[in-house]
Amino acid sequence: MDKELTIACCWTNESQLESFIESVKKQTISVELLLIDNRESKYTSCSGAFNSVIDQIQTKYVIFSHQDIILFHNDTLEKFIGYLEKLNEQDILGVAGADPDVSRIITNVRSSENAIDKNNNKFGLKKCQTLDECFFGGYTEKFRTEHFDEIICNNWHLYAVEMCLRTISKGYVTYVCDVEIVHLSAGKVNYIYNHEFYSLCKKYKDQLPVIKTPCCYCTKTSFPYREIKLLKSNLRVFLDR
């Protein structure tokens, strides 16, 4: 049976990558792995790294994954594909989502294999506004025709968020599903993240009155709310130094 799914991963940590690959090998389905070695800093953004390889992908579906992911259920990818099959070809699917109308992040992601699953929600598919970058994807053809934004997302943040905003502004849907994975790091918000979020607010201010990200950033996109958010966020980073 031909493989239906490719997982693309830009990596720098060999130990984390090995753990990820081992968990992929235990899955009930066989997938293609497209591993982008960035230990020499060839790429300065995840947008650029993924855009550079998208034309190499021949499978129907693609997932973009962080290196510090562990699939601790053997049928994780099988379930994820099952949800993808229900989507429009222009929709996007992830495992951690945010929506301005929902107070908590919608997810079953754990911080370690031994972590207590506080979520444990069997919510199936839920619409959301934006997805976390750790593990998301859709139909390969969508990402082949709509590349990640390398201008605003010119570092390692918010490239999935921007793609989600672009998707829903065109009338399609961003979904989060209830498959469980382990994500070993929570990520770090910095000045770059803050300014990229500000730029997204400006870019989508006419289509979306409010933007919320899985890192719990939420603000109105109009002036002066986005400017106030930027100042407060940068002050918080400065005080945490």
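Residues numbered from 1 in each chain as written. Predicted model: local features only at pLDDT ≥ 70, side-chain atom pairs only at ≥ 80, totals over all residues. Heavy atoms only, no water.

Trainee: I'm lost on the packing of helix α6 (residues 191–203) against helix α7 (residues 225–239) in this one. Help?
Mentor: Axis angle and axis distance: for two packed helices, these are the angle between their axes and the distance between the axes, and together they describe the pair. Following both chains from N to C, one finds α6 and α7 inclined at 175°, their axes separated by 9 Å at the closest point. When the interaxial angle is binned, α6 and α7 end up roughly antiparallel. Packed against α6, whose contacting residues are Tyr-191, Asn-194, His-195, Phe-197, Tyr-198, Cys-201 and Lys-202, the element α7 presents Arg-226, Glu-227, Lys-229, Leu-230, Ser-233, Asn-234, Val-237 and Phe-238 at the interface. Grouping the amino acids of the contact of α6 with α7 by side-chain chemistry returns seven nonpolar, four polar and four charged. (Axes fitted to C-alpha atoms, helices over the stretch in contact; angles between N-to-C directions. Helix = DSSP H or I, 4+ residues; strand = E, 2+ residues; numbered from the N terminus. Parallel < 35°, antiparallel > 145°, perpendicular 65-115°, else oblique. Contact = heavy atoms within 4.5 Å. Nonpolar A, V, L, I, M, F, W, Y, C, P; charged D, E, K, R; others polar.)

Trainee: Hey, could you run me through the packing of aromatic side chains in this one?
Mentor: In this structure the tally under the stated criterion is 15 aromatic pairs. Summarising the aromatic geometry, the rings of Phe-80 and Phe-135 are spaced 5.5 Å apart at their centres and angled 80° between planes, so their arrangement reads as edge-to-face. Placement of the pair is Phe-80 in helix α3 (residues 76–84) and Phe-135 in strand β10 (residues 135–139), with a sequence separation of 55 residues. Ring-pair connections join several aromatic residues into one group, and the members of that group are Phe-50, Phe-64, Phe-136, Phe-143, Phe-148 and Tyr-159. Across from the ring centre of Tyr-225, 4.7 Å away, lies the NZ or CZ of Lys-220, which sits over that ring. Here Lys-229 stacks its cationic end above the ring of Tyr-217, 4.6 Å away from the centre of that ring. (Phe/Tyr/Trp six-rings, centres within 6.5 Å; stacked < 30°, edge-to-face > 60°. Lys NZ or Arg CZ within 6 Å of the ring centre and 35° of its normal.)

Trainee: What exactly am I supposed to notice about the environment of Pro-209 here?
Mentor: Tracing the backbone shows Pro-209 in the loop between α6 and β13 (210–212). With 186 residues separating them in the primary sequence, Pro-209 and Ser-23 have C-alpha atoms 40 Å apart. Other than its neighbours up to four places away in sequence, Pro-209 contacts Thr-219, Lys-220 and Thr-221.

Trainee: Would you explain unusual backbone geometry in this entry?
Mentor: Trans is the common state for peptide bonds, and a negative phi is the common state for residues other than glycine. A cis amide bond, omega 5°, links Phe-223 with the succeeding residue Pro-224. Tracing the backbone shows Pro-224 in the loop between β14 (218–220) and α7. Although it is not a glycine, Ser-41 adopts a positive phi angle of roughly 60°. Position of Ser-41 among the secondary structure elements: in the loop between β2 (32–37) and α2 (46–53). Phi angles above zero are rare outside glycine, and Leu-158 is one such case at about 65°. Within the element layout of this structure, Leu-158 appears in the loop between α4 (140–145) and α5 (159–169).

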